[in-house]
Protein chains: 2
Amino acid sequence: MEKVSLKVIARELGVSAATVSLVLNGKNKNGRVSEEMSQKIIDKAAELNYIPNSLAKGLKMGHSKSIGLIVADISNVFFGTLALHIQNYAEKEGYTVIIGNTNEKLEEMEKMITFLNSRQVDGLIITPAEGSEVLIGSILESKKPVVLVDRGFPELNVSSVLINNYEVCYHSTRLLINKGYKKPVFITYKQDQFHTNERKRGFVEAMKDAGLFNPYHVKEVSYQCLEKDMEKAISQLLKYKRKVDAIFFATNTISMAGVKSLLKRGLLIQKDIQVMCFDETDAMNLFPFKVPFIKQPIEEMAKRSLELLIGQIENKDIKPRKLFLEAKLIN
Amino acid sequence: MEKVSLKVIARELGVSAATVSLVLNGKNKNGRVSEEMSQKIIDKAAELNYIPNSLAKGLKMGHSKSIGLIVADISNVFFGTLALHIQNYAEKEGYTVIIGNTNEKLEEMEKMITFLNSRQVDGLIITPAEGSEVLIGSILESKKPVVLVDRGFPELNVSSVLINNYEVCYHSTRLLINKGYKKPVFITYKQDQFHTNERKRGFVEAMKDAGLFNPYHVKEVSYQCLEKDMEKAISQLLKYKRKVDAIFFATNTISMAGVKSLLKRGLLIQKDIQVMCFDETDAMNLFPFKVPFIKQPIEEMAKRSLELLIGQIENKDIKPRKLFLEAKLIN
DNA sequence: ATTTTTTGATTAATCGATTAACTTTATACT
DNA sequence: AGTATAAAGTTAATCGATTAATCAAAAAAT
């Protein structure tokens, strides 16, 4: 079976490939191609089940109509959901999405960028790994359209779609305090990323403003040994039981590990200890108790970041924009 | 900044593009290019940060070194994990993965296939939607390499990587019975897909062999109204409480909905009622009770399906193979 | 001194699609 | 009649990389 190209259609119909291309791209106005021939071409293309070769098109046009999405780990629900929505919107705009995983590693992120560039992606949407400022900077220099999502670098003049991490954490902590929990603890990752720092800052400021802050109100766990660190952290906290009446977990993975640890100890959540967390986890729906959580507008994050990216791609002169979407506490 | 192509390197060095290509592809043996010039070219390529244009290469070579992965929903952990592993292995083999979602819909699956074909993917890995035999058949006819994963069509002569759904469910049910649960109920999706049918068959046969089977031991819920149907199913089952002492959920999503419904009613799982399920859910780890579950070898499924696919791609004459991997009950 | 081989590189066609510039024929206008 | 305009296409270059076929010069063989 011969591969069906423009040429094949042209040959069958006794016209030139140019004519076929013109018609199939809707550029047959202004008396370029007759109505009659146009119809013949369209029919023949359908008959032969012609599928345009987008490699050839991309090569000629200088764009591939594809974008790269670089996330930490596609098997994480947050990123999976983000990817799903980005793909859905991208499809509507005629773009393909190629997804890459970094596993939070700088070198893998770099490899992915080179890889995606070789595939001529028209732009990149990235959840940058820790310490990747320089890498992002070099993308910026190369003028390749790029948008950061979920995490950003405030000192970098780059488009990004973030959420109001500081405000929502400040507000939520405030709420906790107002409800009478005067000894809450914030558990977060031991890492230096803007978004997690902002969450922590939200908590800390709220505590300070209420005159309650003490350094031991913040605990940090490592990404690599989450379970183990969490065990340690919780058991430490429980030693000073009178000092802790609530825990605020900074991410979905931390929440899971934390709640698991608490339950294992036979603690009654929202009774023995108040729990609040960042991100939704369907596990939380299973419990007889309600866990307030901060819900990120994932679909909107997807939509906005794609909008910003396509803006850059199709209209080169656009300036970097930093969007802050609103995450909300759901009680 | 000029785009760096083979031509640019060639010009800078005063040689032809052909020479550069030869060197950069390691085809400079047999006195094709001198050692000296080779080194110069390699150095210059590094200096200019040359990244080959894979659209051009793909166009010329007739393959894109990319594969399409079509799943139901990338935000589902099962598919997310599968995608992660497929991508990891694919990268090692030099292939890119483009992921598409079908949302279990036939027409979306068809659209994705056309889309991926236009991007000249070298092959497809698919978790086929219900009723897509004909579609898969037409891919087969077109000689495009394809591997089904997770779900298959026994009547189709197509490579697939499945698990021993029947056996593992038979065995698990048997175990349940032997432990003294003589009135178990199997809750599955109301759909006609081979893999879910096999799971059901495993349950039913085990029950029959134990002389315990009755049609009401199987309940079906719909994919679209899972929560609502589950509520109905559970409340029906509880009416005849003496008749049910265990529930076997057929998938991860069903398990979540089922357990949620049971807990809402204040039932003590593994005490008032025994629960067993297909697939791991990290939510299950949170409970003070252990839920036995059937663990699929997702990473191996990923690896094998990629192996089969690449086999087809790089060695056209290979015959379709059907692999059945072993899923195990974890207690 | 020729002829043959080896070494080191170049030429030019090709993959499939796009499009500016051109050609040809028919029709309209003054 | 002679010129302008419109209609309906075609030609040919191009995107970047690959590679079979070729070529030129130097070295080796006869």
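Residues numbered from 1 in each chain as written. Chains lettered and ligands numbered in written order. Predicted model: local features only at pLDDT ≥ 70, side-chain atom pairs only at ≥ 80, totals over all residues. Heavy atoms only, no water.

### Details of the overall build of chain A
- When helices and strands are tallied, chain A shows 12 helices and 12 strands.
- The principal-axis extents of the C-alpha atoms in chain A amount to approximately 90 × 40 × 35 Å.
- The proportion of buried residues among the 331 residues of chain A is 54%.
- Contacts in chain A between residues at least 24 apart in sequence constitute 68% of all its contacts with a sequence separation of at least 6.
- Roughly 15600 Å² of accessible area belongs to chain A as shown, and the carbon and sulfur atoms make up 51% of that amount.
- Here chain A contributes 47 positively and 39 negatively charged side chains, and the mean placements of these two sets differ by 3 Å. (Helix = DSSP H or I, 4+ residues; strand = E, 2+ residues; numbered from the N terminus. Buried < 20%, exposed > 50% of the residue type's maximum accessible area, 1.4 Å probe, protein only. Contact = heavy atoms within 4.5 Å. Areas by Shrake-Rupley, 256 points an atom, 1.4 Å probe, with all protein chains shown as cover. Lys, Arg positive; Asp, Glu negative; His and termini not counted. Charge placed at Lys NZ, Arg CZ, Asp CG, Glu CD.)

### So, the protein's contact with DNA strand D
- For DNA strand D, the set of nearby residues contains 27 residues, the closest of which are Thr19, Ser34 and Lys60 of chain A together with Leu6 and Tyr50 of chain B.
- Within 4 Å of the protein, the contacting atoms of DNA strand D are drawn from sugar and phosphate to the extent of 63%.
- Lys57 of chain B places a side-chain nitrogen or oxygen 3.3 Å from a phosphate oxygen of DNA strand D.
- Of all the elements in the fold, those that place two or more residues in the surface near DNA strand D are α2 (17–24) and α4 (54–61) of chain A together with α1 (6–13), α2 (17–24) and α4 (54–61) of chain B.
- A total of four residues in the surface near DNA strand D trace back to one element, the largest contributor, which is α4 of chain B.
- In the surface near DNA strand D, the residues fall into 12 nonpolar, eight polar and seven charged. (Near = heavy atom within 4 Å. Polar contact = N/O pair within 3.5 Å; in protein donor to acceptor, adjacent residues only side chain to side chain. Nonpolar A, V, L, I, M, F, W, Y, C, P; charged D, E, K, R; others polar.)

### Topic: the packing of helix α8 (residues 165–178) of chain B against helix α9 (residues 194–209) of chain B
Residues and elements named next belong to chain B.
- Relative orientation of the contacting elements α8 and α9 amounts to 35 degrees, with a least axis distance of 7 Å. The handedness of the crossing between α8 and α9 comes out as right-handed. Of the residues in α9, those touching α8 at Asn165, Tyr166, Cys169, Tyr170, Thr173, Arg174 and Ile177 are His195, Glu198, Arg199, Arg201, Gly202, Phe203, Glu205, Ala206, Met207 and Asp209.
- Of the residues assigned to the contact of α8 with α9, the class counts are seven nonpolar, four polar and six charged. (Axes fitted to C-alpha atoms, helices over the stretch in contact; angles between N-to-C directions. Left-handed = near helix turned anticlockwise from the far one by under 90°.)

### A few points about the nonpolar core
- Counting residues in each nonpolar core, the largest one holds 156 residues, and the members touching the most others are Ile187 and Phe249 of chain A together with Ile187 and Phe249 of chain B.
- Residues contacting Ile187 of chain B, with those up to four places away along its chain left out, are Lys219, Val221, Met230, Ile234, Leu237, Ile247, Phe248, Phe249, Ala250 and Ile254 of chain B.
- Of all hydrophobic cores here, the second largest spans 36 residues; its members include Leu124, Ala129, Val146 and Leu156 of chain A. (Core = buried A, V, L, I, M, F, W, Y, C linked by side-chain atoms within 4.5 Å.)

### Notes on the interface of chain B and chain A
- With 46 residues of chain B at the contact, the number on the chain A side is 46 residues.
- Carbon and sulfur atoms make up 64% of the area that chain B and chain A hide from each other, which totals about 4000 Å².
- Contact with chain A buries surface across chain B, with Leu55, Arg119 and Leu286 of chain B losing the most and accounting together for 18% of the total.
- Our count for the chain B to chain A interface comes out at two salt bridges.
- Ionic pairing is found between Lys111 of chain A and Glu91 of chain B, a salt bridge with its closest N-O pair at 3.6 Å.
- Across the side of chain B that touches chain A, the residue classes tally to 20 nonpolar, 17 polar and nine charged. (Buried area = accessible area lost by both parts, 1.4 Å probe. Salt bridge = Lys/Arg side-chain N within 4 Å of Asp/Glu carboxyl O.)

### What about the sheet that holds strand β12 (residues 328–330) of chain B?
All names here are of chain B.
- Taking strand neighbours across the sheet as the criterion, the six strands line up as β7-β6-β8-β9-β10-β12 in an open arrangement whose pairing is mixed. If you trace the sheet from one side to the other, it starts and ends with β7 (218–221) and β12, each paired once. Strand-to-strand twist in this sheet, taken as the mean axis angle between neighbours without regard to direction, amounts to 25 degrees.
- Pairing of strand β10 (residues 293–295) with β12, which is carried by three bridges, proceeds in the antiparallel orientation. Bridging from a neighbouring strand, Ile294 pairs with Leu329 of β12.
- Of the strands in this sheet, β6 (184–189), β7, β8 (246–249) and β9 (274–278) are in contact with α9, which crosses β6 at around 165 degrees.
- The sheet strands contacting helix α11 (residues 252–264) are β6, β7, β8 and β9, and the helix crosses β8 at an angle near 150 degrees. (Pairing = 2+ DSSP bridges.)

### With respect to the environment of Pro184 of chain A
Residue and element names in this part refer to chain A.
- Looking at the element boundaries, Pro184 is found in strand β6 (residues 184–189).
- A sequence separation of 90 residues divides Pro184 from Gln274, and the C-alpha atoms of the two residues are 8.5 Å apart.
- Contact partners of Pro184, with chain neighbours within four places excluded, come to Leu176, Phe203, Met207, His217, Asp245 and Ala246.

### Quick notes on the pairing of strand β4 (residues 146–149) of chain A
All names here are of chain A.
- Side chains of β4 alternate between two faces, with Val146 and Leu148 and Val147 and Val149 buried alike.
- In this sheet, β4 lies alongside strand β3 (residues 123–126) in parallel orientation, the contact comprising three bridges. Residue pairing in the sheet places Ile126 in a bridge with Leu148 of β4.
- Remark: the β3/helix α7 (residues 133–141)/β4 crossover connection has right-handed handedness.
- In the sheet, β4 pairs with strand β5 (residues 160–163) via two bridges, with the strands oriented parallel. (Right-handed = clockwise from strand over helix to strand, strands pointing away.)

### Notes on the packing of α2 of chain A against helix α3 (residues 35–47) of chain A
Residues and elements named next belong to chain A.
- Interhelical geometry of α2 versus α3 gives an angle of 85 degrees and a closest axis separation of 10 Å. With respect to their mutual orientation, α2 and α3 come out roughly perpendicular. On α3, the residues touching Thr19, Val20, Val23 and Leu24 of α2 are Ser38, Ile41, Ile42 and Ala45.
- Tallied by class, the residues present in the contact of α2 with α3 amount to six nonpolar, two polar and no charged. (Parallel < 35°, antiparallel > 145°, perpendicular 65-115°, else oblique.)

### Some points on the relation of the copies chain B and chain A
- When chain B is fitted onto chain A, the two copies agree to an RMSD of 0.1 Å after a turn of 180 degrees and an axial shift of 0.0 Å. Here the symmetry operator amounts to a two-fold rotation axis.
- Interface overlap between copies: 100% of the residues of chain B at the interface are likewise at the interface in chain A, consistent with a symmetric, same-surface contact. (Least-squares fit on C-alpha atoms with pLDDT ≥ 70 in both.)

### A short note on the packing of aromatic side chains
- Throughout the structure, instances matching the rule amount to 13 aromatic pairs over all chains.
- Between Phe78 of chain A and Phe79 of chain A, the ring centres sit 5.3 Å apart and the planes meet at 70 degrees, which makes this aromatic pair edge-to-face.
- Looking at Phe78 of chain A, the relative accessible area reads 8%, which means it is buried.
- Through pairs of rings, three or more aromatic residues link up here, namely Phe287 and Phe289 of chain A together with Phe287 and Phe289 of chain B.
- Taking NZ or CZ as reference, Arg199 of chain A lies 3.5 Å from the ring centre of Phe278 of chain A, over its face. (Phe/Tyr/Trp six-rings, centres within 6.5 Å; stacked < 30°, edge-to-face > 60°. Lys NZ or Arg CZ within 6 Å of the ring centre and 35° of its normal.)

### With respect to the protein's contact with DNA strand C
- Of all residues adjacent to DNA strand C, which total 28 residues, the nearest are Leu6, Lys27 and Tyr50 of chain A together with Thr19 and Ser34 of chain B.
- Between Lys27 of chain A and DNA strand C, the recorded distance is 2.7 Å, taken from a side-chain N or O atom to a phosphate oxygen.
- In the model, a phosphate oxygen of DNA strand C is placed 2.4 Å from a nitrogen or oxygen of the Tyr50 of chain A side chain.
- Looking at the surface near DNA strand C element by element, the count peaks at four residues for α4 of chain A.
- For the surface near DNA strand C, the class distribution of residues is 12 nonpolar, nine polar and seven charged.

### Some points on the pattern of salt bridges
- This structure, assessed with the given rule, holds 30 salt bridges over all chains.
- Its salt-bridge partner being Glu12 of chain B, residue Lys44 of chain B comes within 3.4 Å of it at the nearest N-O pair. Here Glu12 of chain B lies in helix α1 and Lys44 of chain B lies in helix α3 (residues 35–47), a separation of 32 residues in the sequence.
- The closest approach of N and O atoms between Lys105 of chain B and Glu108 of chain B, which form a salt bridge, is 3.8 Å.
- Shared partners join several salt bridges into a network, and the residues in it are Glu12, Lys44 and Glu47 of chain A.

By themselves these figures say nothing about function.
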